[in-house]
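# Coordinate analysis (summary)
Now for the letters of each chain:
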Amino acid sequence: MTDAAAPPPRPAHPGLPAPPPLGACALPPGTYAGSVVLVTGGGSGLGKAMAAEFARLGADLMIVGRSADRLRAAERELARLGGRVACAVCDIREPERIAEVFDAAEATLGLPAVLVNNAAANFPSPAEDLSPNAWRAVLDITLTGTWFMTREFARRHLAAGTPGSVVSIGASYAWTGGPGHAHSAAAKAGVRNLVETLAVEWGPYGIQVNGLVPGLMPHPDLPESIRASLGRAEDSGELPLRQPALRVGLPRELGWAATFLSSPYARFISGHTLVVDGANWQRRALVAPPVSSVREQLGRGPFGA
């Protein structure tokens, strides 16, 4: 084996410990018994992982997404965890369809007590290459769709006089900026601001609003554009070495955080965005690496060539 093919050396540090096994629960059994949880983008990836943790704690689920096939497969998988599961195809950019989904959830399961805004859109691109349609699509799904879902949830609880909890999935570049992801970073900054604004506005009515930011948590449903941006680091085993934790996150760790933020044990937490990434977003090097443009990092030629 040549040096080039050898695996990267492992630092002589333990990193953050591995989490408990899949199926372990961070809260008492039955914490969500009798509660309905609605998860957008719940048919795959991190959305499905979060839905599974709510189901393990007794919740009934309404999972929402744009792919009927994925939703049906997820419905069968999640139903094995014990609770009732329903699914609905929905483009969250359409407020009328969102109202229909809530109507269906209430008729089938009951008014959702928890809303998890997980659905989003993203792909890496130099900012100058973004078309108007690309910009609008990401902003409309990630920010406007999150707002439409949250507004519908809140209006129903305000009318019923019942408490509720919203968890919106964010991104750390809402604070730092996101070169190569200008559209998504702008949208996620808006999501973070909605968390902080609505928590104050709706707190008097018993509605919590929090944010949750996942770190690097590889899973089989990652979009190809995102997986490609990880480069050879994933195949070579270098990916964990690029994290302060010396490991990547596991989807269930995001699920445990979501179930806690929405639980009776977190009622005094509102307007907060919790980052679950092993401190990766706060990492800084003593000596900054050389700067390369986003175009170079994505392997694109000069603009307009």
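First, a word on scope: everything that follows refers to the structure included in this document. (Residues numbered from 1 in each chain as written. Predicted model: local features only at pLDDT ≥ 70, side-chain atom pairs only at ≥ 80, totals over all residues. Heavy atoms only, no water.)

## Quick notes on the packing of helix H4 (residues 132-160) against helix H6 (residues 182-202)
H6 packs onto H4 with a crossing angle of 15° between their chain directions and a minimal axis gap of 8 Å. As judged from the angle between their axes, H4 and H6 are roughly parallel. Between H4 and H6 lies a crossing of right-handed hand. Every residue of H6 that contacts H4 at Ala134, Trp135, Val138, Leu139, Thr142, Leu143, Thr146, Trp147, Thr150, Arg151, Ala154 and Leu158 is listed here: Ala182, His183, Ser184, Ala186, Ala187, Lys188, Gly190, Val191, Leu194, Leu198 and Trp202. Here the residues of the contact of H4 with H6 are counted per class, giving 15 nonpolar, six polar and two charged. (Axes fitted to C-alpha atoms, helices over the stretch in contact; angles between N-to-C directions. Helix = DSSP H or I, 4+ residues; strand = E, 2+ residues; numbered from the N terminus. Parallel < 35°, antiparallel > 145°, perpendicular 65-115°, else oblique. Left-handed = near helix turned anticlockwise from the far one by under 90°. Contact = heavy atoms within 4.5 Å. Nonpolar A, V, L, I, M, F, W, Y, C, P; charged D, E, K, R; others polar.)

## Here we look at the nonpolar core
Ranked by internal contacts, the top residues of the largest apolar core, which has 29 residues, are Leu38, Met62, Ile92, Ile98, Met149 and Val209. At the level of elements, strand E1 (36-40), strand E2 (60-65), strand E3 (85-89), helix H3 (95-108), H4, H6 and strand E6 (207-214) are the ones that each hand at least two residues to this core. It is H4 that contributes the most residues to this core, six residues altogether. (Core = buried A, V, L, I, M, F, W, Y, C linked by side-chain atoms within 4.5 Å. Buried < 20%, exposed > 50% of the residue type's maximum accessible area, 1.4 Å probe, protein only.)

## Quick word on the pairing of E3
Pairing of E2 with E3 involves five bridges; the strand directions are parallel. Across the sheet, residue Val64 finds its bridge partner in E3, namely Ala88. Between E2 and its parallel partner E3, the chain crosses via helix H2 (residues 68-79), and the hand of that crossover is right-handed. (Pairing = 2+ DSSP bridges. Right-handed = clockwise from strand over helix to strand, strands pointing away.)

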